[in-house]
Amino acid sequence: MSSGRIVDDETSRVRTALREIVIRFRCDPILMPSQDVILSEITPADRDSIEAILREHGVRLAGDMVPVERWALACPALPTCGLALTEAERVRDNIVEGIEAGLRNYGLEQERLSIRITGCPNGCARPYTGDIGIVGRMPGFYALFVGGDFEGTRLNVPLADKVPFNGIAEVLDPLFALFASARDAGEGFGDFCHRVGMPALQQALAERSKGAA
């Protein structure tokens, strides 16, 4: 259920499944600010039947997703929001897919990591407090922020500005390489970026850029 959209499409019938579950089991759906749906007031005996209905309708559950996909947020942006400078929700899956591929290159695909994407600096998806913040600056270009934390208790800091949509994963890649080689045990990505500091992160970007030249 990308970006919290409760719709039926060609891959899954989320809306139909939820309607059937609510009517049949009389549960209480809770819509979360994390763009999740919690089905509350269910009995343990009904859990398997509810999961079977969801899977029958092609709905992917939390356990079916890699963490970076599960914990990614995006605001509606274009074409719904009049403040949006560029896309967010409609490019969320492509951005997350590119970042997940980069994490996989370093064996980090199971790391719990929050990505928050907005179409403008107003930050409705809270990009300034996640592990990675991606903020729309102009059509097709974004500012990248790192160094926050998964829980959203620390502000992150600017890493790069006016990064093209198709270059986001490439810019983050040397940071993932550094994270894989120099992290402390159990350290999250945002916590690592905060600990090593922006000079070390910028040096990693510069070295990768020099090597590619």
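Residues numbered from 1 in each chain as written. Predicted model: local features only at pLDDT ≥ 70, side-chain atom pairs only at ≥ 80, totals over all residues. Heavy atoms only, no water.

## Some points on the nonpolar core
Core analysis: the largest hydrophobic core is formed by 39 residues, its most contacted members being Ile-99, Ile-134, Val-146 and Leu-159. By residue number, the principal contributor to this core is helix 5 (residues 168–182), which donates six residues. Dropping the residues within four chain positions of it, Ile-134 is found in contact with Ile-95, Ile-99, Ile-115, Arg-116, Ile-117, Thr-118, Pro-127, Tyr-142, Ala-143, Leu-144 and Ile-168. (Core = buried A, V, L, I, M, F, W, Y, C linked by side-chain atoms within 4.5 Å. Buried < 20%, exposed > 50% of the residue type's maximum accessible area, 1.4 Å probe, protein only. Helix = DSSP H or I, 4+ residues; strand = E, 2+ residues; numbered from the N terminus. Contact = heavy atoms within 4.5 Å.)

## Let's talk about helix 2 (residues 47–56)
When helix 2 is considered as a whole, its buried residues turn out to be Ile-50, Ile-53 and Leu-54. Looking straight down helix 2, one finds that the buried residues subtend no more than 100 degrees of arc, so they occupy a single side. With respect to the buried face of helix 2, the exposed residues turned more than 90 degrees away are Asp-48 and Glu-56. (Arc of directions from axis to C-beta.)

## Describing the sheet that holds strand 6 (residues 141–146)
An order of 3-4-5-6-7 is seen for the five strands of this open sheet, with the pairing classed as mixed. At either end of the open sheet lies a strand with only one pairing partner, and these are strand 3 (73–74) and strand 7 (157–164). Of the pairings in the sheet, the one linking strand 6 to strand 7 comprises five bridges and is antiparallel in character. By the bridge assignment, Phe-141 is partnered in strand 7 with Pro-164. On the sheet, helix 5 packs against strand 5 (132–138), strand 6 and strand 7 and is oriented at approximately 145 degrees with respect to strand 7. (Pairing = 2+ DSSP bridges. Axes fitted to C-alpha atoms, helices over the stretch in contact; angles between N-to-C directions.)

## Some thoughts on unusual backbone geometry
Cis geometry is found at the peptide bond from Leu-78 to Pro-79, where omega equals 0 degrees. Relative to the assigned elements, Pro-79 resides in the loop between strand 3 and helix 4 (92–105). You will see that Arg-26, though not glycine, has its phi angle at about 55 degrees, which is positive. Mapped onto the fold, Arg-26 is located in the loop between helix 1 (14–25) and strand 1 (28–31). When its relative accessible area of 66% is taken as the criterion, Arg-26 is described as exposed. Even without being glycine, Glu-41 reaches a positive phi, approximately 60 degrees. Inspection of the secondary structure assignment puts Glu-41 in the loop between strand 2 (37–40) and helix 2. Judged by relative accessible area, which is 64%, Glu-41 ranks as exposed.

## Focus on the packing of aromatic side chains
Evaluated as defined, the whole model comprises five aromatic pairs. Between the aromatic rings of Trp-71 and Phe-150, the centroid separation amounts to 5.2 Å while the plane-to-plane angle is 85 degrees, which identifies the pairing as edge-to-face. Here Phe-150 lies in the loop between strand 6 and strand 7 and Trp-71 lies in the loop between helix 3 (67–70) and strand 3, a separation of 79 residues in the sequence. Their ring planes at 55 degrees and their centres at 5.4 Å tell us that Phe-179 and Phe-192 sit as a pair that is tilted. Here Phe-192 lies in helix 6 (residues 189–196) and Phe-179 lies in helix 5, a separation of 13 residues in the sequence. Taking relative accessible area as the criterion, Phe-179 reaches 1% and is therefore assigned buried. Residue Phe-192 is classed as buried on the basis of its relative accessible area, which comes to 0%. Taken together, Phe-176, Phe-179, Phe-189 and Phe-192 form an aromatic cluster joined through their ring pairs. (Phe/Tyr/Trp six-rings, centres within 6.5 Å; stacked < 30°, edge-to-face > 60°.)

## Focus: helix 5
Between the first and last C-alpha of helix 5 there are 22 Å, a value that for 15 residues agrees with the 21 Å anticipated at 1.5 Å per step. For helix 5, the principal kink sits at Pro-174 and spans about 30 degrees. Considered for burial, the residues of helix 5 that qualify are Ile-168, Val-171, Leu-172, Asp-173, Pro-174, Leu-175, Phe-176 and Phe-179. (Expected span 1.5 Å × (residues − 1). Bend = angle between axes of the 7 residues up to and from the residue.)

## Brief notes about the pattern of salt bridges
Counted by the stated rule, this structure contains 14 salt bridges. In this structure, the salt-bridge partner of Arg-104 is Glu-100, at a minimum N-O distance of 2.4 Å. Separated by four residues within a single helix, Arg-104 and Glu-100 lie in helix 4, roughly one turn from each other. Measuring nitrogen to oxygen at the nearest pair gives 2.7 Å for the salt bridge that ties Asp-173 to Arg-208. A residue pair is termed long-range when its members are at least 10 positions apart, and Asp-173 in helix 5 and Arg-208 in helix 7 (residues 198–212) qualify at 35 residues. (Salt bridge = Lys/Arg side-chain N within 4 Å of Asp/Glu carboxyl O.)

These results come straight from atomic positions and should not be treated as a statement about function.
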